[in-house]
Amino acid sequence: MKIAIILGTRPEIIKMAPIIRELESKEVDYFIVHSGQHYSYNMDRVFFEQLNLPKPKYNISVGSGTHAEETGKALIGIEKVLLMEQPDVVLVQGDTNTTLSGALAAAKLMIKVGHVEAGLRSFDKGMPEELNRVIVDHLSDYLFAPTEKARKNLLNEGINKDRIFLTGNTIVDIVYQNLNLVKDNNILETLDLNTDDFFLLTLHRQENVDNKQRLLNIVKGLELIGQEFDIPIVFPIHPRTKERLKEFGISLPSFIKLIEPLDYLSFLKLEISAKLILTDSGGVQEEACILKVPCVTIRYNTERPETLDVGANVLAGTDPKRILEKTKIMLSRRRTWPNPFGNGKAAKRIVDVVLSKNRKRLTRRSEIH
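Overview of the structure.

Looking now at the sheet that holds strand E7 (residues 164-166). If you walk across this open sheet you meet the seven strands as E3-E2-E1-E4-E5-E6-E7, and the pairing is parallel. Only two strands of the sheet have a single neighbouring strand rather than two, namely strand E3 (58-59) and E7. As defined by bridge partners, strand E1 (residues 2-7) adjoins strand E4 (residues 89-93) across three bridges and the pair is classed as parallel. Within E4, the residue paired with isoleucine 5 across the bridge is leucine 91. Contacting E4, strand E5 (112-116) and strand E6 (142-145), helix H5 (residues 128-139) runs over the sheet at an angle of about 140 degrees to E5.

The structure is reproduced here in structure tokens:
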């Protein structure tokens, strides 16, 4: 059998890495298709190098664009690859335009689709990611739910329980696999930082950075935090956010240490070492929870409610005073919460399901012929 791994962004590369390693260890025939949705060295190639992943066999070179442009270009390119390669299964991850394109191309060609990180819901259809993840789940044959809540979301939408598999989240796999390597990383020295003496910020969501007033409110909230705590906020800035700050003429306060996007190990080292993390990223919420670093989410909802349930995270929205208030709350909490995302063996469970289901299917097909 042959498996296609379809990815296109930084989070997909990171979360698919354990699955790729598992396929390698089991000597499964597979290939990687990269949409090119993320394409700069710091947002793409550095992760393949650092995580020792094979280069993609195909790169669609979609680049940036509107949702329709990215999805349409990826759909056309991925379909051509699938028609040529004829894989038995396509694996996609998460909720990006690449994820949607890969699942849709495969489903229309009657190729089995496996969705890694299925069942996540913010219940906010104003988020493009929410639309993508719902559609992909209903297109998929194998839904790999990372948590019990995700599994219940799928069941509540009428998806057959026989298609749903509770696996844990591959983010735990990749964090655990790289914790030892982080010890030798020198990003703190490079940035002249001390452990537990800085806040870490990430900000990239369309609903936050494309709305001028919302972005201004977030910056005001950061100013209040700076006045209250007098420690630096380290901000590896996403290209989208950088463009919007310039476009809107918004200046950041001097205590925010602005840096370019980081490689995986350097960012992981900053996460581990931070006093607190402020973010609008789902993946960073998960990593902060796993690493037991307090997290304040600059959103009004989250598709990772498990982080709220265990006390690792709070929702602050974008009101400046509320951002400061929630920061104070999280700094007062003890870092003793459990990890709700699994034991680091999600990739093995996912690959085992794919191999088991398709060996049976391929055996039946050969018996018929």
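Okay, back to it.
This part is about helix H12 (residues 264-273). In an α-helix, one turn spans 3.6 residues; hence positions three or four apart end up facing the same way. The element H12 is largely enclosed, with a buried count of nine among its ten residues. Three or more residues of H12 are buried, namely Tyr264, Leu265, Ser266, Phe267, Leu268, Lys269, Leu270, Glu271 and Ser273. The N-cap of H12, judged by a side-chain oxygen 3.2 Å from the amide nitrogen of leucine 265 a few residues on, is aspartate 263.

Any two side chains of opposite charge can pair, so long as their charged atoms come close to each other. This structure, assessed with the given rule, holds 29 salt bridges. Between aspartate 196 and arginine 335 there is a salt bridge; the shortest N-O distance is 3.4 Å. Of this pair, aspartate 196 sits in the loop between helix H8 (187-190) and strand E8 (199-201) while arginine 335 sits in the loop between helix H15 (320-331) and helix H16 (346-368); the two residues are 139 residues apart in sequence, bridging distant segments of the chain. A salt bridge links arginine 244 to glutamate 247, with the nearest nitrogen and oxygen atoms 3.6 Å apart. Taken as a pair, arginine 244 and glutamate 247 lie in helix H11 (residues 239-248) at a separation of three residues, close to a single helical turn.

Attention now moves to H11. Restricting attention to buried positions, one finds in H11 the residues Thr241, Arg244, Leu245 and Phe248. For H11, the angular spread of the buried residues around the axis is 100 degrees, confining them to a single face. Turned more than 90 degrees away from the buried face of H11, the exposed residues are Glu243, Lys246 and Glu247. With its phi angle positive at about 70 degrees, glycine 249 sits one or two positions after the end of H11.

According to the stated counting rule, one finds two cavities of 30 Å³ or more in the structure shown. Taken as a whole, the largest cavity encloses approximately 70 Å³ of empty space. Around the largest cavity, the lining is made up of 14 residues, and of these Leu120, Thr147, Ala150, Glu303 and Glu306 lie nearest the centre. For the lining of the largest cavity, the secondary-structure elements that each account for two or more residues are helix H6 (148-156) and helix H14 (305-309). Element by element, the count of residues in the lining of the largest cavity is highest for H6, at three residues. Roughly 40 Å³ of volume is contained in the second largest cavity. Val116, Glu117, Phe144, Pro146, Thr167, Gly168, Asn169, Thr170 and Ile350 are the residues that line the second largest cavity. A class-by-class count of the residues in the lining of the second largest cavity yields four nonpolar, four polar and one charged.

Let us now look at the packing of aromatic side chains. For any pair of aromatic rings, geometry is given as the distance between the ring centres together with the angle between the planes. In this structure the tally under the stated criterion is three aromatic pairs. Residues phenylalanine 31 and tyrosine 58 carry aromatic rings whose centres are separated by 5.9 Å and whose planes lie at 80 degrees to one another, so their mutual orientation is edge-to-face. Taken together, the positions of phenylalanine 31 in strand E2 (residues 29-34) and tyrosine 58 in strand E3 put the pair 27 residues apart, joining distant regions of the chain. You'll find phenylalanine 31 and tyrosine 58 in the same group, each marked buried. Consider the rings of phenylalanine 144 and phenylalanine 165, whose centres lie 5.9 Å apart with planes at 35 degrees: the pair is tilted. With phenylalanine 144 in strand E6 and phenylalanine 165 in strand E7, the pair connects residues that are 21 residues apart, well separated along the chain.

Our focus in this paragraph is the packing of helix H1 (residues 10-25) against helix H7 (residues 170-182). Each packed pair of helices is defined by two parameters, the angle between the axes and the distance between the axes. It is at 8 Å that the axes of H1 and H7 come closest, and there the two elements cross at 80 degrees. As the angle between them shows, H1 and H7 are arranged roughly perpendicular. Two secondary-structure elements touch here, H1 through Ile14, Lys15, Ala17, Pro18, Ile19 and Arg21 and H7 through Thr170, Ile171, Asp173, Ile174, Gln177 and Asn178. Split by residue class, the contact of H1 with H7 holds six nonpolar, three polar and three charged.

Criteria and cut-off values
- Residues numbered from 1 in each chain as written.
- Predicted model: local features only at pLDDT ≥ 70, side-chain atom pairs only at ≥ 80, totals over all residues.
- Heavy atoms only, no water.
- Pairing = 2+ DSSP bridges.
- Helix = DSSP H or I, 4+ residues; strand = E, 2+ residues; numbered from the N terminus.
- Contact = heavy atoms within 4.5 Å.
- Axes fitted to C-alpha atoms, helices over the stretch in contact; angles between N-to-C directions.
- Buried < 20%, exposed > 50% of the residue type's maximum accessible area, 1.4 Å probe, protein only.
- Polar contact = N/O pair within 3.5 Å; in protein donor to acceptor, adjacent residues only side chain to side chain.
- Salt bridge = Lys/Arg side-chain N within 4 Å of Asp/Glu carboxyl O.
- Arc of directions from axis to C-beta.
- 1 Å grid on protein atoms, 1.4 Å probe; cavity = no way out; pocket = protein on both sides within 12 Å on 5 of 7 lines; lining within 4 Å.
- Points joined across faces, edges and corners; volume = space filled by probe spheres on them.
- Nonpolar A, V, L, I, M, F, W, Y, C, P; charged D, E, K, R; others polar.
- Phe/Tyr/Trp six-rings, centres within 6.5 Å; stacked < 30°, edge-to-face > 60°.
- Parallel < 35°, antiparallel > 145°, perpendicular 65-115°, else oblique.

Shape descriptors only; they carry no functional weight alone.
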